[in-house]
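Survey of secondary and tertiary structure
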Amino acid sequence: MATAHAVSTRRDLRFSGAWIPALIAGIAFLALPFGRPDRAFFTLDPAFRPWALGSLWVWLVLAFALLALIASLLPLRVTARGELLTVAGGLGLLSGVSWLMGTGTPFGMGALLSLIALVVVTGYGLSESGRIQSDAFVASSILFVSLFIILFILFPLFIVLRTAVFVDGSFTLNKVWSTLNSPLFIFAENPYTEQSELALMSRFAVIGTVLGALWALSRRLKFARFALTCGVAAAVGFFIGFMIYGRGALPTSLLVATIVATVSTLTGLVFALLGQRTRFGFVQRSLGAISLLPIITPPFILAFALIFMFGRRGIVTYQLFDISSNAIFGIVGVSLAQILAFTPIAYLVIRGSVASLDPALEEASQTLGADRWTLFRTVTWPLLRPGLANAFLLTVIESFADFGNPLILGGDRGYLATEVFSAFAARFDPNEAAVYGSVLLSMVLVIFFAQRWWLGRSSFVTVTGKPSSGSFAHLPRVMEGLLLSVFALWTLLVLMLYFSILYGSFVQLWGINNTLTLKNYRDFMTIGWPVFLYTARVAAVSAIPAAFLGFLIAYLVVRQRFFGRSFVEFGSMLSFATPGTVMGVAYILAFNVGPWLLTASSVIIAIAFVFRNMPVAIRGGVAGLAQIDPSLEEASTTLRASSSVTLRRILVPLLIIPLIGGLIFAFVRAMTAISQVIFLVSPGNMLATVLLLGWVEQGQLGRAAAMGSILIVSMLTVILLLMLLTRRRDAGVVGVGA
Amino acid sequence: MKRLIGFIFSAALLFTGSAFAQQVNLLCSPDLAWCEQIGPAFEEATGIDLEFVRLSSSESLARLRAEAANPTFDVWFGGTGDPHLVAFTEGITEFYKPTVWDDLLSGLKNAVGETYIPLYTGAIGFVVNEGILAEVGAPVPQCWEDLVDPVYKGLLAMPNPNTSGTSYTIIATLIQIFGEEQAFEMLAAIHQNVAQYTRSGGAVGLLAGRGDVGVAIQFMHDGVKYVRQGFPVINIAPCEGTGFEIGGISLIKGAPHPDDALAFIEWALTPEAQAIAAQRGESFQVQSNANTPVPPESPDLSSINLIDYDFATFGSPEVRDRIVAKWTNEVFPVPRR
């Protein structure tokens, strides 16, 4: 369809539409300053007008813009003109960018406008020359999306990697070595204890080897595989010992991630099974609410509620059970907080795979005489396995990336995500922060892509398009009782924690003076409210490009075939998988000086939000587009509508619900985000979550609880509105995992 | 396409506004409550807008170092003196002699010379929750050497020197009293007793107040705040003597709003401005202007055994970075039994 369209336009054109952007590029170049002296965007500083810059190079931008203008108005053959426009636009863009990068001048409005216009010129060129088999809109969109991904995802991450190995301008591995060798990173053998940790770890390796050998014997493996099994088992054993006895950020993060992922996955499985097979309807209905919690709660809020409940003077530990202990600070507390935060994500993922189970299969198995255990082992379990693995790996990634909980509950241990922050914000060692960031990034990416590769290959789908008949047998009574008690415990805990935040926002001084007061809300109104409004504004402004850009990328990836399509897919996945602290360091390193100076402005916060939340919109868009027959769009194109018109008149109205869903989720996620933006706030650009974290740390707990309550309630309202709009019972469908 | 461009611009326009206004960007390191009171009072007095970010003083130093090529802040207000001195030595801040220079306490001026402007002073001490200590039968600590006793295991809190200037002052104090080797032995023993290192120096007293720990090591004037808020804590001055800070105010070199910055510094040193700290800011340091009344709640510095704190040595970047790194690598990572 695209080819037909391109051919039909090629014959008609006497001049190219590229003259408009080419003219804009020229005017912007002449009328506005090309660079700027400092952070202020809208300066008209005459010293940065092109003729004051004293450089011939920068005039190439104008020269190529004029060339493009002339070419677009000449009656040339369409393909030839297309090639000419591509070259003129591309070279103009290149000369502008190379001048900025070469001189390190921050871009000015003139540069911004003329370079954007030149991208559009290049888009026209690529389309008319037939190099991109579509119209100028699609071609320009592809260029813009690729440039955005390069500038705001790949470039900052590249800077992180570069900072790790370039110290003071020269290449060295010293920083990598000294960081990885420091006791903050790994502290395996501890000279201050009487036992030898390495020996203990080796003991675990021996146990692993013995277990591996026993298993291999029972399977009667040949020698080679026998040895391999033993080796792997020994390594796993040593690794477990390393996590338990090792200190430093690496083993601690690994240990917490393992605990959290295991417990969260199991709990998620419990919820998913209950949702499908319980006898109690109200349990099924209330499960929907579980999927809501992580989206509406800033990630560290539960951490400080945990101190109220389980600290040395905690209501549960001290007043109920008379335990006076600080055990909550450390691995126990962080794990608990993360389990509460990430179990819903695991639940959403597992529910997806539980939903794909077919009752007919289980009935068939039972008809063939299988008992419940055989049925579970041979039918249900293999079908569940990929979903469980998926949930496990996702929670591992979330746990690695989590920043707020370790910061509040970390106790005497370091964690990879917090070390990135303290290396940068406290020790001010950007190189060290970059090393930590690179380690964290590579661990997460390995898991992320291994998971995609693995699950992408194994297809366990039992649904063939037709809804299966029949319903699942209920759970066995004992089993159901067990699962229900897990569910009850979880619900009790979560309700208690949320209630304690709400209650804490109304008392004078938590635990000391429990008289009710509205003082915290008055404080919040004077100090927190302007910040809250500012945050809402930035979140709202960034949600629009996040949703539309995500939608556009979905459209390009699903409906268009072009060179670099997998690059666009990869880039947007990368921004999804990268831990927030790493992206935060990346942004501050990449955008603090030089041509892309953006720090200390709302713009950089908004950009961070856009690229962080865009992937959710992409997935919504991809899922939506898959349900729409391309022949609709073909009909529109056949009637000579351009693809921008088709997108606007056909696809947007049809996909308005996922689009609004993406919009609202981008907004809510921006309101509750912390790990990336904590690096980017500046005077006058303070965000609600960062302020809230500061209050928690400064001991303004009542006020923090008030802000937390208001955040949670307002986000809940927004999400409920969305659910009303889409008539979905829970938010997870558009949200996190599924 | 036009829509996309139009959108980019409308989004960009939303973010403009404050670029040309009169404004001071303040990096504020004292107690949050004080920081929050400064802006409105300054705006009322001068009509100049004030935006602040609150960071602990070591974090502030890190932030200023990171931004040295392109500062966003105009003035660094408060926080312990050593990082101010480091910033001055590294050329991140510059000295400015305010018109009220002659009114400032001469002891403070002589100690720091013409590097940064003294803003207030206060001494390190213990903020103790007697109830928690009584629970385990531990005595109220009176001296630094008491803190190494394993009876305080899990009952101590102090700030982290990586983020907190208070914590650096604590470590520097120990080094000056006991010598570096013994000080680090004591820090290692204290580490075995510490339940939590906080990011901010003012926040540890809260842990003691709430009963999460029994003893918080921090500035005594911060302890006064928790006493006044109704927490069951008392202030102890260590028997071997204790270190003190000369909190500072510094002009950032290359400040984006230099004129407004100077106006702010002049205002901040007036008795009226300094009195805000105790009246509305829950901060009970002794203020640097001799005409500012000393709050009645403030710890009486004349009755405390103060050491002869060597600001020049411990405010030098090399010494500071070395000591913090040594603590970070040799004390902090050691697991507690």
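Parameters at a glance
- The residue numbering used here restarts from 1 in each chain and proceeds along that chain's sequence as written.
- Both sets of labels track the order of writing: A upward for chains, 1 upward for ligands.
- In keeping with the model being predicted, local features are shown solely for residues with a pLDDT of at least 70 and side-chain atom pairs are shown and tallied solely at 80 or more, while totals for entire chains, interfaces and linings include all residues.
- Note: side-chain values were computed over all heavy atoms of the structure, leaving out hydrogens and water.
- Where helices and strands are cited, they refer to DSSP runs of H or I of at least four residues and of E of at least two residues respectively, numbered from the N terminus.
- Radius of gyration here uses only the C-alpha atoms, and the compact-globule reference equals 2.2 Å multiplied by the residue count raised to the power 0.38.
- The accessible surface values rely on the Shrake-Rupley method and a 1.4 Å probe; as for residues, cover is taken only from the protein chains in view.
- Charged-residue counts in this description rest on Lys and Arg as positive and Asp and Glu as negative, His and the chain ends being excluded.
- By convention, the charge on Lys lies at NZ, on Arg at CZ, on Asp at CG and on Glu at CD.
- For every domain, the bounds stem from an assignment made automatically or drawn from a database.
- Only heavy atoms enter the contact rule, under which two residues are in contact if any of them lie within 4.5 Å.
- Two parts placed together each lose some accessible area; with a 1.4 Å probe, that loss summed over both constitutes the buried area.
- Counted as salt bridges are all cases of a side-chain nitrogen of Lys or Arg within 4 Å of a carboxyl oxygen of Asp or Glu.
- By the criterion applied in these results, polar contacts are pairs of N or O atoms within 3.5 Å in which, for protein atoms, one can donate a hydrogen and the other can accept it, and in which residues neighboring in sequence qualify only through two side-chain atoms.
- Residues are grouped as follows: Ala, Val, Leu, Ile, Met, Phe, Trp, Tyr, Cys and Pro are nonpolar; Asp, Glu, Lys and Arg are charged; every other residue, Gly included, is polar.
- Take the buried residues of types Ala, Val, Leu, Ile, Met, Phe, Trp, Tyr and Cys, join any two whose side-chain atoms come within 4.5 Å, and each joined set is a nonpolar core.
- Using a 1.4 Å probe on the protein chains alone, a residue whose accessible area is under 20% of its type maximum counts as buried, one over 50% counts as exposed, and one in between counts as partly exposed.
- By disulfide we mean two sulfur atoms from cysteines, separated by a distance within 2.5 Å.
- Any Phe, Tyr or Trp ring, taking Trp's six-membered ring, that has another such ring centre within 6.5 Å forms a pair; planes under 30 degrees apart are called stacked, those over 60 apart edge-to-face, and the others tilted.
- When the NZ atom of lysine or the CZ atom of arginine is within 6 Å of a ring's centre and also within 35 degrees of its normal, the charge is said to sit over that ring.
- pLDDT: the predictor's confidence for each residue, scored from 0 to 100.

Thoughts on the overall build of chain B
- The helix and strand tally for chain B stands at 14 helices and 11 strands.
- Relative to a compact globule of 337 residues, whose C-alpha radius of gyration would be 20 Å, chain B shows 21 Å and is just as compact.
- Its C-alpha atoms give chain B principal-axis dimensions of about 70 × 55 × 40 Å.
- For chain B, the exposed area adds up to about 11,400 Å²; of that, 53% sits on carbon and sulfur atoms.
- Averaging the positions of the 19 positive and the 39 negative side-chain charges in chain B gives two centres separated by 9 Å.

Some details on the domain arrangement of chain A
Residues and elements named next belong to chain A.
- For chain A, the assigned domains are domain 1 (2-170 + 526-698) and domain 2 (247-504).
- Using only C-alpha atoms to locate each centre, domain 1 and domain 2 end up separated by 36 Å.
- Contact with domain 1, which involves 31 residues of that partner, is made by 30 residues of domain 2.
- Carbon and sulfur atoms supply 86% of the area that domain 1 and domain 2 bury against each other, a total of about 2,600 Å² over both sides.
- At the junction of domain 1 with domain 2, the criterion picks out zero salt bridges.
- Our count for the domain 1 to domain 2 interface comes out at two residue pairs in polar contact (both at pLDDT 80 or more).
- A per-class count over the side of domain 1 that touches domain 2 returns 24 nonpolar, six polar and one charged.

Comments concerning the nonpolar core
- L409 and Y587 of chain A together with W144 of chain B are the most contacted members of the largest nonpolar core, which has 304 residues in total.
- At 18 residues, the largest contribution of residues to this core is made by helix 22 (residues 519-559) of chain A.
- The residues touching Y587 of chain A, leaving out its near neighbours within four places in the chain, are F152, P156, N592, I604, I607, A608, F611, Q676 and L680 of chain A.
- The next biggest cluster of nonpolar side chains, apart from the first, holds 29 residues, and it includes A41, F42, W101 and I249 of chain B.

Thoughts on the interface of chain A and chain B
- In this assembly, 63 residues from chain A lie in contact with 66 residues from chain B.
- Summed over both sides, the interface between chain A and chain B buries roughly 5,600 Å², with carbon and sulfur atoms accounting for 65% of that surface.
- In terms of surface lost to chain B, no three residues of chain A exceed F42, P683 and Q698 of chain A, which account for 12% of the buried area on that side.
- Our enumeration of links across chain A and chain B arrives at one salt bridge.
- We note a salt bridge from R703 of chain A to E36 of chain B, for which the minimum N-O separation is 2.7 Å.
- Joining chain A to chain B, the criterion identifies five residue pairs in polar contact (both at pLDDT 80 or more).
- Taken together, the elements giving at least two residues each to the side of chain A that touches chain B come down to helix 5 (109-128), helix 6 (136-165), helix 18 (404-409), helix 19 (416-425), helix 22, helix 25 (602-626), helix 29 (688-698) and helix 30 (701-726) of chain A.
- Take the side of chain A that touches chain B: its biggest share by element is six residues, from helix 22 of chain A.
- When the residues that make up the side of chain A that touches chain B are grouped by side-chain class, the tally is 39 nonpolar, 14 polar and 10 charged.

Details of the state of the cysteines
Residues and elements named next belong to chain B.
- Enumeration over the complete set of coordinates arrives at two disulfides over all chains.
- Across the disulfide from C28 sits C35; the S-S distance is 2.1 Å. Across the disulfide from C28 to C35, rotation about the S-S bond amounts to roughly -95°, and the bridge is consequently left-handed.
- Each sulfur in the disulfide pair C143 and C239 lies 1.9 Å from the other. Negative torsions about the S-S bond denote left-handed disulfides, and the value of about 120° found for C143 with C239 makes this one right-handed. Within this pair, whereas C143 is found in the loop between helix 6 (130-136) and strand 6 (156-159), its partner C239 is found in the loop between strand 9 (234-236) and strand 10 (244-252), the two being separated by 96 residues in sequence.
- Overall, the relative accessible area of 43% leaves C239 in the partly exposed class.
- When the bonded cysteines of chain B are counted from the start of the sequence, the pairing works out to 1-2, 3-4.

Quick look at the side chain of S500 of chain A
Residue and element names in this part refer to chain A.
- Within the secondary structure, S500 sits in helix 21 (residues 477-504).
- A distance of 2.8 Å separates the side chain of S500 from the backbone oxygen of L497, its partner in a polar contact.
- Those residues within four positions of S500 in sequence are excluded, and the remaining contacts are A305, F308, M309 and W510.

Some details on the packing of aromatic side chains
- Inspection of the entire model under this criterion finds 48 aromatic pairs over all chains.
- Pairing F29 of chain A with W59 of chain A gives two aromatic rings, centres 5.3 Å apart and planes at 70°, and the pair type is edge-to-face. In this pair, F29 of chain A sits in helix 2 (residues 19-31) while W59 of chain A sits in helix 3 (residues 59-73), placing the two residues 30 residues apart along the sequence.
- With centroids separated by 5.0 Å and ring planes inclined at 35°, the aromatic side chains of F506 of chain A and Y521 of chain A adopt a geometry described as tilted. Residue F506 of chain A is located in the loop between helix 21 and strand 3 (507-509), and its partner Y521 of chain A is located in helix 22; the two are separated by 15 residues in the primary sequence.
- Taken together through their ring pairs, the aromatic side chains of F144, F148, F152, F155, Y587, F591 and F611 of chain A make up a single cluster.
- Lying over the aromatic face of Y168 of chain B, R320 of chain B brings its terminal NZ or CZ to 4.6 Å of the ring centre.

Structural notes on the domain arrangement of chain B
Residues and elements named next belong to chain B.
- Along its sequence, chain B is carved into domain 1 (22-121 + 245-299) and domain 2 (123-243 + 319-331).
- The C-alpha centroid of domain 2 is placed 25 Å from the C-alpha centroid of domain 1.
- Taken residue by residue, the interface counts 19 residues in domain 1 and 20 residues in domain 2.
- Taking both partners together, domain 1 and domain 2 bury about 1,700 Å²; carbon and sulfur atoms supply 51% of that area.

Comments concerning the confidence of the model for chain A
All names here are of chain A.
- Mean pLDDT over chain A: 84, with 94% of residues reaching 70 or higher.
- Between the elements of chain A, mean pLDDT differs from a low of 47, seen in helix 1 (residues 2-12), to a high of 93, seen in helix 5.
- Residue range residues 1-10 is modelled with pLDDT below 50. Its contacts to residues more than four positions away, or to other chains, number 12 contacts.

Some words on unusual backbone geometry
Residue and element names in this part refer to chain A.
- Although it is not a glycine, A600 sits at a positive phi angle of roughly 60°.
- Summarising the element assignment, A600 is placed in the loop between helix 24 (580-590) and helix 25.
- Look at R640: it is not a glycine, yet its phi comes out positive at around 70°.
- On the secondary structure map, R640 appears in the loop between helix 26 (630-638) and helix 27 (643-654).
- By relative accessible area, which is 58% here, R640 ends up exposed.

So, the confidence of the model for chain B
Residues and elements named next belong to chain B.
- For chain B, per-residue confidence averages 88 on the pLDDT scale, and residues scoring 70 or more make up 93% of the total.
- The least confident element of chain B is helix 1 (residues 2-14), whose mean pLDDT is 48; the most confident is strand 3 (residues 75-77), at 96.
- Confidence drops under a pLDDT of 50 for residues 1-20, and excluding neighbours within four residues, the segment shows 26 contacts in the predicted structure.

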